[in-house]
Amino acid sequence: MNNIDGRKISDEVREQIRFDAIKDWHAGMNPSSLARKYRTSRKTVYEWIDRYETGGWDGLKTRTGKTGPKPKLSPEQQEQLHLLLRSSTPVDYGYQTPLWTCQIVAKLIDQTFQVKYVPASVARLLKRMGFSPQKPRWGAWQQDQKKLMSG
């Protein structure tokens, strides 16, 4: 089946296709016929029908805004975290490194806000806040000195 890539169609056109498909469904067309007519999958047609049945015509409108889960930290908590990261180092909290790693920031968030984060989520949070997680370099410190002396 030569389906159309819906991502390349404007929101207005995709919305109109959904409206037209539901009108055809009301007129008696079955999902398989709708899928062929609108060059999409039956699964997509069933999703449109479900959206219509749960939200009416408004349920078929293009969804705007952010999708995905709500942030675990409120904007105020994120601002407080931003200030903590700017004004202190992990050494101030008893760690042996001055670098804010994702693991250390996750522990700081848990201790400060009683909110659990996994390191990968901390990385995304830090990126949204304009930070980058730091990764300590591993290796013998003598190695760097040898390079400096020979270079």
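In what follows, the structure referred to is the one given above.
Rules behind the numbers
Residues numbered from 1 in each chain as written. Predicted model: local features only at pLDDT ≥ 70, side-chain atom pairs only at ≥ 80, totals over all residues. Heavy atoms only, no water. Helix = DSSP H or I, 4+ residues; strand = E, 2+ residues; numbered from the N terminus. Buried < 20%, exposed > 50% of the residue type's maximum accessible area, 1.4 Å probe, protein only. Contact = heavy atoms within 4.5 Å. Areas by Shrake-Rupley, 256 points an atom, 1.4 Å probe, with all protein chains shown as cover. Core = buried A, V, L, I, M, F, W, Y, C linked by side-chain atoms within 4.5 Å. Phe/Tyr/Trp six-rings, centres within 6.5 Å; stacked < 30°, edge-to-face > 60°. Lys NZ or Arg CZ within 6 Å of the ring centre and 35° of its normal. Expected span 1.5 Å × (residues − 1). Bend = angle between axes of the 7 residues up to and from the residue.

### Quick notes on the overall build of the protein chain
Secondary structure assignment for the protein chain yields seven helices and zero strands. Across the protein chain, helices and strands are ordered from the amino to the carboxyl terminus as α-α-α-α-α-α-α. Put simply, the protein chain has 151 residues, and 28% of those count as buried. Long-range pairs, those at least 24 residues apart, make up 49% of the contacts in the protein chain with a sequence separation of at least 6. Element-wise, carbon and sulfur atoms account for 53% of the exposed surface of the protein chain, whose accessible area totals about 11,200 Å².

### Considerations on the nonpolar core
Membership of the largest hydrophobic core comes to 19 residues, with the highest contact counts inside it found for Leu 73, Leu 81, Leu 85, Ile 109 and Val 122. Secondary structure elements with two or more residues in this core: helix H4 (75-87), helix H5 (102-113) and helix H6 (119-128). Not counting chain neighbours up to four residues away, the residues in contact with Leu 81 comprise Leu 73, Leu 108, Ile 109, Phe 113, Leu 125 and Met 129.

### Some remarks on the packing of aromatic side chains
According to the stated counting rule, one finds four aromatic pairs in the structure shown. Pairing Phe 19 with Trp 57 gives two aromatic rings, centres 5.8 Å apart and planes at 65°, and the pair type is edge-to-face. One end of the pair, Phe 19, is in helix H1 (residues 11-26); the other, Trp 57, is in helix H3 (residues 42-59), with 38 residues separating them in the sequence. Ring geometry for Tyr 52 and Trp 57: centres 4.9 Å apart, planes at 65°, overall edge-to-face. Of note, Lys 72 hangs over the ring of Tyr 117, and the distance from its end group to the ring centre comes to 5.1 Å.

### Some thoughts on H3
Between the first and last C-alpha of H3 there are merely 18 Å, a value that for 18 residues lags more than 12% behind the 26 Å anticipated at 1.5 Å per step. Within H3, the axis deviates most sharply at Glu 53, by approximately 90°. Looking at H3, one finds that the buried residues are Val 45, Trp 48, Ile 49, Arg 51, Tyr 52 and Gly 59. Buried residues in H3 make contact with H1 and helix H2 (31-37).

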